[in-house]
2 protein chains.
Amino acid sequence: MMKLYYAKGTCALASHIALEEAGAEYSTVRVNFAVSEQRSPEYLAINPKGRVPTLLTDRGILTETPAMLAFIAQSFPKARLAPLDDPFSFAEVQAFNSYLCSTVHVAHAHRMRGTRWADDQGAIEAMKRKVPETMAACFDMIESKMFRGPWVTGESYTICDPYLFTIGQWLEGDGVDPARFPKVNAHRERMSERAAVRKVLAEEQG
Amino acid sequence: MMKLYYAKGTCALASHIALEEAGAEYSTVRVNFAVSEQRSPEYLAINPKGRVPTLLTDRGILTETPAMLAFIAQSFPKARLAPLDDPFSFAEVQAFNSYLCSTVHVAHAHRMRGTRWADDQGAIEAMKRKVPETMAACFDMIESKMFRGPWVTGESYTICDPYLFTIGQWLEGDGVDPARFPKVNAHRERMSERAAVRKVLAEEQG
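On a predicted model such as this, the values are computed, not experimentally measured, just so you know.

Enquirer: Describe in detail the sheet that holds strand 1 (residues 2–6) of chain B, supporting the description with residues and values.
Expert: In any sheet, the strands associate via hydrogen bonds between backbone groups, in a parallel or an antiparallel arrangement. Residues and elements named next belong to chain B. Taken together, the four strands give an open sheet; going across it, the order is 2-1-3-4, and neighbouring strands pair in mixed fashion. Of all strands in the sheet, those bounded by a partner on one side alone are strand 2 (26–30) and strand 4 (60–63). Along the sheet, successive strands turn relative to each other by an average axial angle of 20°, direction set aside. When strand 1 meets strand 3 (residues 54–57), the two strands line up antiparallel, connected through three bridges. Directly across from Tyr-5, in strand 3, lies its bridge partner Thr-54. Strand contacts of helix 8 (residues 195–205): strand 1 and strand 2, with the helix running at about 35° to strand 2, the strand carrying the most contacts.

Rendered as structure tokens:
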């Protein structure tokens, strides 16, 4: 049985929802960021990057949300969480998730994790100030150029959907009004109604 | 026939090498960053993100290096550029590439692209100063925890190899001595000897 290490309010939510949608048998372990549990020797022995999510499988650990999401889709093909038989469509799914990971999540991280990229307190504050602008620019791109509807890639629900939902949860905290992005905002509502999403949110927020 | 849009010295090199290793029929278009061609209306009509690489296929465009690399591996299975029949091993390949994209490339980008994340000139200088430290930390992680050898994931050459090679090319410019990472450094030598790598470098540097 797989085991997902997650922390509240993090991108691990995407993999958590995907596992639930896939009908996977899995258990979860909550990592407590409030006491920096992700930097504890015990956790670093599991994932030396000191981040979440980590997925413990019978073959070893997996990290990095886009890779974990594709793994879940490929491991549970009956759940049809990605167009597995079409390399081009699969690549479109992966490109969307890669953008979320390497551009949107990174933009967001400059609000709370500025110490990753500068030591100077003034610089950290300057990064924080720009987050509403960079996050809004990312969601403008998603809304106007990338999102197809009703799901991210069109008619089929895929591993892009829980990931967009997850990162979209951060908009208010980043000082961006989600109502500026009507299609993405309606997607958030649509996601919130899914049984898998309700179940996972109830667990993570409990 | 596919067409790869690339710019010199960028992460597009990874996809360029992968196309060559795959034996793909493709042509290339060089985008001139020195005159901000990536922000021209003509280029933005192809890739609204204004970045490279872009891969133009007969089905449309693809972007984002990890997605493109997986697409190339899946489209040319005979080249065996990824463990396509094993979701766990494929996920390990993808996790490595996702780390390069969302952590290592991002660390590097704070040297030249600080304006993405702050407006203040002092903050941009502060980001620049930290790049040698963050890039060294990333390559320490790769050297000590991730790289298996002789190729990234072990005995088989995969789409991880041209991507690691590509980002490793930036170390000197980022103020990090590659000799600090003996396994990665030997990998760079090994890569440099491959016919596909020589051919692609000759074109990009020509």
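Enquirer: If you had to explain the interface of chain B and chain A to someone new, which residues and values would you point to?
Expert: Taken residue by residue, the interface counts 49 residues in chain B and 47 residues in chain A. At the boundary of chain B with chain A, total buried surface from both sides reaches about 3,700 Å², with 65% on carbon and sulfur atoms. Taken as a group, B:Arg59, B:Phe88 and B:Trp117 account for 17% of the area that chain B buries against chain A, more than any other trio of residues on that side. Taken together, the links from chain B to chain A amount to four salt bridges.

Enquirer: Kindly report on the packing of aromatic side chains, identifying the contributing residues and their values.
Expert: Inspection of every chain in the model, using the stated rule, returns eight aromatic pairs over all chains. Where A:Phe71 meets B:Phe88, the ring centres are 6.2 Å apart and the plane angle is 80°; that geometry is what we call edge-to-face. Pair noted here: A:Phe71 is in helix 3 (residues 65–75) and B:Phe88 is in helix 4 (residues 87–112), and the two residues belong to different chains. The class for B:Phe88 is buried, based on a relative accessible area of 4%. When the centroid spacing of 5.1 Å and the interplanar angle of 85° are considered together, the rings of B:Trp151 and B:Tyr157 count as edge-to-face.

Enquirer: Kindly report on the relation of the copies chain B and chain A, identifying the contributing residues and their values.
Expert: Here the second copy of the chain follows from the first by a rotation about an axis and a shift along it. Each copy of the sequence occupies a distinct position, and chain B is placed on chain A by a rotation of 180° and an axial shift of 0.0 Å, giving an RMSD of 0.0 Å. Here the two chains are linked by the operation of a two-fold rotation axis. When the interface residues of chain B are mapped onto chain A, 96% of them are again interface residues, pointing to one common binding face.

Enquirer: Pulling in residues and values, what's your account of the packing of helix 1 (residues 12–22) of chain B against helix 6 (residues 160–168) of chain B?
Expert: Residues and elements named next belong to chain B. In the contact formed by helix 1 and helix 6, the axes pass within 8 Å of each other and the chain directions differ by 145°. Crossing geometry of helix 1 relative to helix 6 is assigned as right-handed. Of the residues in helix 6, those in contact with Leu-13, Ala-14 and Ile-17 of helix 1 are Pro-162, Tyr-163, Phe-165 and Thr-166. In terms of residue class, the contact of helix 1 with helix 6 is built from six nonpolar, one polar and no charged.

What counts and how
- By convention here, each chain's residues receive numbers from 1 onward along its written sequence.
- Chain letters start at A and ligand numbers start at 1, both assigned in the order the entries are written.
- Residue-level local features of this predicted model are given only where pLDDT is at least 70; pairs of side-chain atoms are given and counted only at 80 or more, and the full residue set underlies all totals for whole chains, interfaces and linings.
- Side-chain measures were taken over the full set of non-hydrogen atoms in the model, leaving aside hydrogen atoms and water.
- Strands are treated as partners if at least two bridges between them are detected by DSSP.
- Labels follow the DSSP assignment, with helices taken as runs of H or I lasting at least four residues and strands as runs of E lasting at least two, numbered in each case from the N terminus.
- Each axis is a line fitted through C-alpha atoms, and for a helix only the stretch in contact is used; angles between axes span 0 to 180 degrees, taken between their N-to-C directions.
- Residue contacts are counted whenever heavy atoms from the two residues lie within 4.5 Å of one another.
- Accessible area that two parts lose when put together, with a 1.4 Å probe and added across both, is what the buried area reports.
- Salt bridge criterion: a side-chain nitrogen from Lys or Arg within 4 Å of a carboxyl oxygen from Asp or Glu.
- Classification of ring pairs uses Phe, Tyr and Trp, with its six-membered ring standing for Trp, and accepts pairs whose centres are within 6.5 Å; under 30 degrees between planes counts as stacked, over 60 as edge-to-face, and the remaining range as tilted.
- Burial classes: relative accessible area under 20% of the type maximum marks a residue as buried, over 50% as exposed, and values in between as partly exposed (1.4 Å probe, protein chains only).
- Least-squares superposition aligns the copies on the C-alpha atoms of those residues with pLDDT at or above 70 in both.
- Crossings are assigned a handedness: left-handed for a near helix turned anticlockwise from the far helix by less than a right angle, right-handed for a clockwise turn.
- Polar here means any residue outside two lists: the nonpolar Ala, Val, Leu, Ile, Met, Phe, Trp, Tyr, Cys and Pro, and the charged Asp, Glu, Lys and Arg; Gly therefore counts as polar.

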